[in-house]
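Read off the chains here:
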Amino acid sequence: MPLTPPVTFSDIDLSLTANPVTRDIAELQNEQAIGQSIRNILATDNGERLFRPDLGAGIRQMLFEPMNAFTEAKMQTAIELAIEAQEPRVIVQEIRISGDPDNYKYDIFVICIVKDTQQEIEVVQTLTRGR
């Protein structure tokens, strides 16, 4: 019988789906909780959260800049700094950004290593210019 790692990290599911047994908000554990935290950092601008003005990567403002390699490099640096500062449970391995000028969006791929378990996780986030 394989051993399952103990639950190290947990968080509520921000999609607010109900647990079918307890009818309470579902809970995310371990890598899923960390992935949700990273997606939250990517989707949040600095100063957007009350009492946490430092939370976020501040990359949404870059969506309205020219879609070129320079903007992608700026986004990559901002993402790396934000994750290193705000998500101490992971080490960033790789960040890839793919711009789609026809649809006014960026696809962001972040690969991290969880420090405690050495598990690799990949987080995918799409950011669009739309309101």
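What comes next concerns the included structure. The structure displayed is predicted, hence computed values, not measured ones. (Residues numbered from 1 in each chain as written. Predicted model: local features only at pLDDT ≥ 70, side-chain atom pairs only at ≥ 80, totals over all residues. Heavy atoms only, no water.)

So, on to the environment of Val124. Here Val124 shows up in strand E5 (residues 120-128). Take Val124: its relative accessible area is 41%, and that puts it in the partly exposed class. Along the backbone, Val124 and Pro53 are 71 residues apart, and their C-alpha atoms lie at a distance of 24 Å. For Val124, the residues in contact, after removing those within four places along its chain, are Arg39, Ile108 and Phe109. (Helix = DSSP H or I, 4+ residues; strand = E, 2+ residues; numbered from the N terminus. Buried < 20%, exposed > 50% of the residue type's maximum accessible area, 1.4 Å probe, protein only. Contact = heavy atoms within 4.5 Å.)

The subject of this paragraph is the nonpolar core. One finds Ile38, Ile59, Met75, Ile79, Val90, Ile108 and Val110 to be the most contacted residues of the largest nonpolar core, which totals 27 residues. Apart from the residues lying within four places of it in its own chain, the contact partners of Val110 are Leu42, Ile79, Ile83, Glu94, Ile95, Ile121, Glu122 and Val123. (Core = buried A, V, L, I, M, F, W, Y, C linked by side-chain atoms within 4.5 Å.)

It is worth spelling out the pairing of strand E4 (residues 105-114) at this point. Counting buried residues in E4 gives eight out of 10 residues, a clear majority hidden from the surface. Remark: four residues form the turn of the hairpin made by strand E3 (residues 90-100) and E4, two consecutive strands paired antiparallel; Tyr104 in that turn has positive phi of roughly 55°. The pairing of E4 with E5 spans nine bridges and is classified as antiparallel. Bridge pairing links Phe109 to Val124 in E5. Two successive antiparallel strands, E4 and E5, enclose a turn made up of five residues, where Gln118 displays a positive phi of approximately 60°. (Pairing = 2+ DSSP bridges.)

With that settled, consider helix H2 (residues 69-86). Given a rise of 1.5 Å per residue, 18 residues ought to cover 26 Å, and the 25 Å separating the end C-alpha atoms of H2 matches this to within 8%. For H2, the full list of buried residues reads Thr71, Met75, Ala78, Ile79, Ala82, Ile83 and Gln86. The arc that holds the buried residues of H2, viewed along the axis, is 125°, so those residues lie on one side. Exposed side chains of H2 directed beyond 90 degrees from the buried face belong to Ala69, Phe70, Leu81 and Ala85. Tucked inside the fold, the buried residues of H2 contact helix H1 (31-43), E3 and E4. (Expected span 1.5 Å × (residues − 1). Arc of directions from axis to C-beta.)

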